[in-house]
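The residues making up each chain are set out below.
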Amino acid sequence: MNSYTNSYSQTNTYTEARAKYVIGKIYEDTLNMWNAGLITTEKCNSWRADLLYLLNKQVLSQFEFQFRKPNGEQIGGLCQVVKNDGSISIDDDSGGNDFYNLPSNTHVSLLAILDTEAHNYNEANEELEKRGWGNNGKKLTGASNSHGSYSKDGYGLNIKKFGEW
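Draft legend 1. Looking closely at the nonpolar core. Ranked by size, the top nonpolar core spans 40 residues in total, and within it Leu54, Leu60, Phe65 and Phe67 carry the most contacts. Breaking this core down by element, the ones donating at least two residues are helix H1 (16-35), helix H2 (41-56), strand S1 (60-68), strand S2 (74-83), strand S3 (107-114), helix H3 (121-130) and strand S5 (155-162). By residue number, the principal contributor to this core is H2, which donates 7 residues.

Draft legend 2. Here's a closer look at the sheet that holds strand S4 (residues 144-152). Spatially, S3-S1-S2-S5-S4 is the arrangement adopted by the 5 strands of the open sheet, whose pairing is antiparallel. A strand with exactly one partner marks an edge of an open sheet, and here the two such strands are S3 and S4. In this sheet, adjacent strand axes meet at a mean angle of 20 degrees when their direction is disregarded. The strands that H1 touches are S1, S2, S3, S4 and S5; relative to S4, the one it contacts most, it runs at about 130 degrees.

Draft legend 3. A look at the state of the cysteines. Counted according to the given criterion, the structure contains 0 disulfides. Not part of a disulfide, Cys79 finds its nearest cysteine sulfur in Cys44, a span of 19 Å.

Draft legend 4. Just the packing of H1 against H2, in detail. Where H1 contacts H2, the two axes come as close as 9 Å, and the packing angle between them is 155 degrees. It follows from the interaxial angle that H1 and H2 lie roughly antiparallel. Regarding H1 and H2, the two cross each other, and that crossing is right-handed. Residues Glu16, Ala19, Lys20, Val22, Ile23, Ile26, Tyr27, Thr30, Leu31 and Trp34 of H1 lie in contact with H2, whose contacting residues are Thr41, Cys44, Asn45, Trp47, Arg48, Leu51, Leu52, Leu55 and Asn56. Across the contact of H1 with H2, the residue classes break down as 12 nonpolar, 4 polar and 3 charged.

Draft legend 5. Structural context of the environment of Glu127. Assignment of secondary structure puts Glu127 in helix H3. Overall, the relative accessible area of 22% leaves Glu127 in the partly exposed class.

Draft legend 6. How the structure looks around the side chain of Lys161. By secondary structure assignment, the location of Lys161 is in strand S5. As a buried residue without a salt bridge, Lys161 has its nearest oppositely charged side chain in Glu164, at a separation of 6.7 Å. Among the polar contacts made by the side chain of Lys161, one reaches the main-chain carbonyl oxygen of Trp165 at a distance of 3.1 Å. Discounting chain neighbours no more than four positions away, the residues touching Lys161 are Gly77, Leu78, Ala143, Ser144, Asn145 and His147.

Draft legend 7. Broad picture of the pattern of salt bridges. Using the criterion set out here, one finds 7 salt bridges in the structure. Across the pair Lys25 and Asp91 runs a salt bridge whose closest N-O atoms are separated by 3.1 Å. Placement of the pair is Lys25 in helix H1 and Asp91 in the loop between S2 and S3, with a sequence separation of 66 residues. Of the charged contacts in the structure, one is a salt bridge between Arg131 and Asp50, with a shortest N-O distance of 2.6 Å. Linking Arg131 in the loop between H3 and S4 with Asp50 in helix H2, this pair joins segments that are 81 residues apart in sequence. Several salt bridges share partner residues, and in doing so they unite Asp50, Glu127 and Arg131 into one network.

About the cut-offs
Residue positions within a chain follow its written sequence, with the count starting from 1. Local features are withheld for residues below a pLDDT of 70 in this predicted model, meaning they are given only at 70 or higher, and side-chain atom pairs are given and counted only at 80 or more; totals for whole chains, interfaces and linings count all residues. The basis for every side-chain value is the complete set of non-hydrogen atoms in the structure, without hydrogens or water. Nine residue types can take part in a nonpolar core, namely buried Ala, Val, Leu, Ile, Met, Phe, Trp, Tyr and Cys, and a core is a set of them joined through side-chain atoms within 4.5 Å. Burial classes follow relative accessibility: with a 1.4 Å probe on protein chains only, a residue under 20% of its type's maximum area counts as buried, one over 50% as exposed, and anything between as partly exposed. Counting from the N terminus, the helices are DSSP H or I runs at least four residues long and the strands are E runs at least two residues long. Pairing between two strands requires that DSSP report at least two bridges joining them. To define axes, lines are fitted to C-alpha atoms, for helices over the stretch in contact only, and angles between the resulting N-to-C directions are given on a 0 to 180 degree scale. By definition, residues are in contact when any of their heavy atoms lie within 4.5 Å. Only a pair of cysteine sulfur atoms within 2.5 Å qualifies as a disulfide here. Each angle receives one of four descriptions, namely roughly parallel if under 35 degrees, roughly antiparallel if over 145, roughly perpendicular if within 65 to 115, and oblique otherwise. Take the far helix as the reference: if the near one is turned anticlockwise from it by less than a right angle, the crossing is left-handed, and if turned clockwise, right-handed. The classification used treats Ala, Val, Leu, Ile, Met, Phe, Trp, Tyr, Cys and Pro as nonpolar, Asp, Glu, Lys and Arg as charged, and all other residues, Gly among them, as polar. Counted as positive: Lys and Arg. Counted as negative: Asp and Glu. His and the chain ends are not counted at all. By definition, a salt bridge exists where a carboxyl oxygen of Asp or Glu is found within 4 Å of a side-chain nitrogen of Lys or Arg. Polar contacts, as used here, are pairs of N or O atoms within 3.5 Å; protein pairs need one atom able to donate a hydrogen and one able to accept it. Residues neighboring in sequence count only if both atoms are side-chain atoms.

Here it is in structure tokens:
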């Protein structure tokens, strides 16, 4: 009788310090949205706290800053995909987005996509509800282009840009 085994291991590069580093870069991007008059400083701070919470709970798969016209029509956005497997090594500078080029009265929203298989999923989901998050978001659609990466020691975000703005 023959017996076979197969094993698989994956490195998780998450640390709280690495999560804080990449969220610092995202915070700089949201401050640029604030400078362009798209969101408030309160929104910048709230999003930073919420995203850092989700990263620290290790439940965040990706998140999107979505830009829509006042009538709801999609303009585009930025999608950040969390990578905690050591596969990301490029750390681009924050910024480089022309938020001033967006139409006046652009509405900005944040969509967080959680890993439903994560150990802390239920806890994080309940906490988001307490913080006033809804569960009716829809992912960006259409063509996207690679728009850089933020990383620290193999942990970080790959960024995709949707739309022509």
